[in-house]
Each structure stands twice: as structure tokens, then as C-alpha cells.
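Next come the chains, spelled out residue by residue.
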Amino acid sequence: MTSMVSGHRARKRFGQNFLVDEGVVRQIVAAIDPQPGDHLVEIGPGQGALTGPLLKRVARMDAIELDRDLCALLARHFSPDQLAIHSGDALEFDFAALGEDLRVVGNLPYNVSTPLLFHLSRYADQCRDLHFMLQREVVERMVAETSTTEYGRLSVMLQDRFDIEMLFEVPPESFRPAPKVTSAVVRLRPLRTAERAERGSAADPAMFAQVVSSAFTMRRKTLRNALASQVSASEIEALGIDPGLRPENLSPRQFAAIADHCAARSKGTA
Ligand code: SAM
């Protein structure tokens with residue numbers, strides 16, 4: 001077992017599936033490739049399966065853990081100079097308070113992984129990269145191409161902000177307790193301002209989020225109907241997009257074009 005000996009009983013409500021396969025731990029650390037001086041931030045360190053090996057590469061790091069018993073366990077095992085433990089909910093955590101150029105890592109609790117990804121995308125500019133273990137099915141949605149069944153709100157929202165790469169799969173036996181599903185490790189690299197401009201990413205993130213969310217709440221409807229309260233069919237057509245398409249047929253760039261049009265119109269510049 002890679003984690004410290006603890007006697008801690010895994011809590012289902014906190015999505016606790018502890019990594020016990022040292023080979024997988026090595027693979028994750030190799031994928032992150034931490035360099036001395038990197039600012040690592042771990043979400044859900046648990047019993048320290050990743051924390052210990054990461055702290056062999058960097059002198060200190062931050063970690064956010066919801067389970068207070070595990071915070072106490074970590075505090076007994078690592079000195080405060082090595083590990084700054086933030087006891088609390090990563091969903092409410094202000095990552096900007098930790099500074100810039102963050103390298104965020106985590107074997108994420110599966111029960112909150114989607115909201116956590118949305119929360120973290122707000123801090124994309126503060127991050128150098130993010131490496132996560134997630135349910136494989138979630139990673140497949142993150143990297144899904146337009147017009148596939150996996151493509152949806154998560155794909156569009158994240159692809160507008162990040163380059164996303166599925167790295168490798170991890171079988172259930174690598175965890176205690178073993179989850180029912182296969183997992184996968186994914187890397188997200190935030191797109192910089194120039195790359196975002198080049199790719200036609202959304203200029204107004206709030207409007208983009210609103211348009212994408214409305215479109216996918218009515219996935220089976222055409223854009224004309226799904227977005228009727230925000231934009232007319234003729235406006236969609238004027239952007240060179242067929243209003244008869246369904247949301248899953250639109251690229252992140254096309255969603256960005258619609259959102260930017262709505263934002264400009266509400267400011268009176270369209
Ligand atoms: N990193 C450890 C490992 O690989 O063995 C634990 C991974 S376990 C899948 C998820 C961890 O996230 C648990 O330690 C759990 O208590 C913690 N956690 C769950 N929800 C959280 C939240 N909202 N914010 C911060 N930590 C959370």
C-alpha cells in the first residue's frame with residue numbers, strides 16, 4: 001500500500017477510493033513531471049498516496065481536503081513546512097488566493113468531478129496545467145468531438161478554455177475500495193490569450209456559459225428552438241450557422257460566435 005497506514009475507513013459520501021497501486025502512482029507522477037520550485041496544489045490528498053511521492057520532487061505543496069479526519073492524519077504525517085493543508089471543500093475554494101502558475105493535481109472524488117471541473121475552469125488563468133484521475137466516461141466527455149454522443153456541455157465548456165489530453169486508463173483494482181468503473185488520467189492545459197483569440201474562443205465567458213447551458217438543456221431540439229429566448233434563427237444564420245442544427249453539431253468556436261454576438265447585442269455594439 002502506497003498510502004500511510006491509517007486505519008481510516010473509506011467514506012462513500014466523500015467519494016473515497018484510495019489509490020493502492022504503486023505502478024499507477026509512478027505513472028501519474030511521471031505524467032506530471034514535477035520540477036523543484038513548481039507550485040503543486042492537490043485536491044483530495046486522502047491518505048497521501050500521491051502527496052508523499054509528489055513531496056519527494058518539490059519542497060512544499062498545498063492540498064485541499066474535505067474530510068477532517070484525513071486532514072488530521074496528513075498533519076501527523078507531513079510537516080506544515082512541506083504540506084499546507086486547507087481543510088474544506090474544493091468546490092468553494094478560491095484557487096486564485098494561492099497565486100499564479102499553479103499545477104493542480106488530484107485523484108478526484110467522482111461524485112463532484114463535473115462541478116469541480118467547472119469551478120476550476122474559472123481559475124484557468126492562474127494555472128499552468130491540471131492533471132486528474134476521473135471516471136473514464138467523464139474523460140471521454142471532456143475530449144469528445146463535435147457530433148458524437150459523448151459531446152455535450154462539459155466538452156464545449158472545457159474545450160473552449162483548455163487543451164485536453166486523455167493520458168491512460170486505470171482499472172478498478174488499483175483502488176481500495178474498488179470503484180465499479182474504469183478510471184482515466186487526463187491533462188488539461190489552459191489556452192493562453194493569444195491561443196484563445198486564434199481559436200475563436202468566447203470573449204464573454206459568462207454569456208458563453210449561459211448560451212451553452214441553454215442549448216444543452218434541450219439537447220434534442222434544434223438551435224432555433226433551444227436558443228429561442230436568446231437569439232433568433234436569422235441572427236444564427238447571419239453568423240454562418242444553420243439554425244436547424246442540434247446543439248451537439250456545433251463546435252465550441254460556433255458556440256463562442258453565438259455567445260459573442262449575444263454579448264455585443266446586449267452592449268448595443270451588434
Ligand atoms: N488522493 C487520494 C488517493 O489517490 O488515494 C484520495 C482520492 S479519493 C478518490 C478523493 C479524496 O477527495 C478523498 O480524500 C476525499 O475525502 C476528498 N474529497 C471529497 N470531496 C471533496 C471536496 N469537495 N473537496 C476536497 N476534497 C474532497
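Residues numbered from 1 in each chain as written. Predicted model: local features only at pLDDT ≥ 70, side-chain atom pairs only at ≥ 80, totals over all residues. Heavy atoms only, no water.

For the rest of this paragraph, the subject is the overall build of the protein chain. What the protein chain contains, in helices and strands, is 11 helices and nine strands. Taken over C-alpha atoms, the radius of gyration comes to 20 Å for the protein chain, in line with the 18 Å a tight globule of 270 residues would show. If one aligns the C-alpha atoms of the protein chain with their principal axes, the spans along those axes are about 65 × 35 × 30 Å. Relative to its full complement of 270 residues, the protein chain shows a buried share of 50%. Intrachain contacts of the protein chain at a sequence separation of at least 6 include 65% that bridge at least 24 residues. Surface accessibility of the protein chain: about 12600 Å² in total, with carbon and sulfur atoms responsible for 49%. Within the protein chain, the 34 negative side-chain charges are centred at a point lying 4 Å from the centre of the 32 positive side-chain charges. (Helix = DSSP H or I, 4+ residues; strand = E, 2+ residues; numbered from the N terminus. Rg over C-alpha atoms; globule rule 2.2 N^0.38 Å. Buried < 20%, exposed > 50% of the residue type's maximum accessible area, 1.4 Å probe, protein only. Contact = heavy atoms within 4.5 Å. Areas by Shrake-Rupley, 256 points an atom, 1.4 Å probe, with all protein chains shown as cover. Lys, Arg positive; Asp, Glu negative; His and termini not counted. Charge placed at Lys NZ, Arg CZ, Asp CG, Glu CD.)

Let us look at the layout of surface pockets. What the largest pocket holds in volume is close to 450 Å³. Every residue lining the largest pocket is counted, 31 residues in all, and those nearest its centre are F14, G15, G44, E65 and P109. Broken down by secondary-structure element, the contributors of at least two residues to the lining of the largest pocket are β1 (18-19), β2 (39-43) and β3 (61-65). Class assignment for the residues of the lining of the largest pocket results in 17 nonpolar, 10 polar and four charged. K12, G15, Q16, N17 and P179 are the residues nearest the centre of the second largest pocket, which is lined by 14 residues in total. (1 Å grid on protein atoms, 1.4 Å probe; cavity = no way out; pocket = protein on both sides within 12 Å on 5 of 7 lines; lining within 4 Å. Points joined across faces, edges and corners; volume = space filled by probe spheres on them. Nonpolar A, V, L, I, M, F, W, Y, C, P; charged D, E, K, R; others polar.)

This part takes up the nonpolar core. Nonpolar side chains in soluble globular proteins generally cluster together in the buried interior. One finds F132 and M142 to be the most contacted residues of the largest nonpolar core, which totals 53 residues. Each of two domains, domain 1 (12-191) and domain 2 (198-266), supplies a minimum of three residues to this core. Apart from residues lying up to four places away in sequence, M142 is in contact with L117, L134, L154, S155, L158, Q159, I164, V186 and L188. The next biggest cluster of nonpolar side chains, apart from the first, holds 25 residues, and it includes L19, I28, L55 and F78. (Core = buried A, V, L, I, M, F, W, Y, C linked by side-chain atoms within 4.5 Å. Domains from an automatic or database assignment.)

Extensive coverage of strand β9 (residues 183-190) is indicated by the burial of six of its eight residues. Pairing of strand β6 (residues 127-135) with β9 involves six bridges; the strand directions are antiparallel. Within β9, the position partnered with H131 by the bridge is R187. The pairing of strand β7 (residues 162-170) with β9 spans eight bridges and is classified as antiparallel. Within β9, the residue paired with V170 across the bridge is S183. (Pairing = 2+ DSSP bridges.)

Throughout the structure, instances matching the rule amount to three aromatic pairs. Here F93 and F95 contribute two aromatic rings whose centre-to-centre distance is 5.0 Å and whose plane-to-plane angle is 75 degrees, an arrangement assigned as edge-to-face. A ring pair is formed by F216 and F255, whose centres lie 5.6 Å apart and whose planes are at 40 degrees; its orientation type is tilted. Residue F216 is located in helix α8 (residues 205-217), and its partner F255 is located in helix α11 (residues 252-266); the two are separated by 39 residues in the primary sequence. Neither residue differs from the other here; F216 and F255 are each classed as buried. Here the aromatic residues F93, F95 and Y123 are joined through ring pairs into a cluster of three or more. (Phe/Tyr/Trp six-rings, centres within 6.5 Å; stacked < 30°, edge-to-face > 60°.)

The strand order across the open sheet formed by seven strands is β4-β3-β2-β5-β6-β9-β7, and the pairing between neighbours is mixed. Of all the strands in the sheet, the pair left with one neighbour each is β4 (83-87) and β7. Within this sheet the neighbouring strands show an average axis-to-axis angle of 20 degrees, counted without direction. Where β2 meets strand β5 (residues 102-107), four bridges bridge the pair, whose relative direction is parallel. Each residue of the ladder has a partner; that of H39, found in β5, is L102. (Axes fitted to C-alpha atoms, helices over the stretch in contact; angles between N-to-C directions.)

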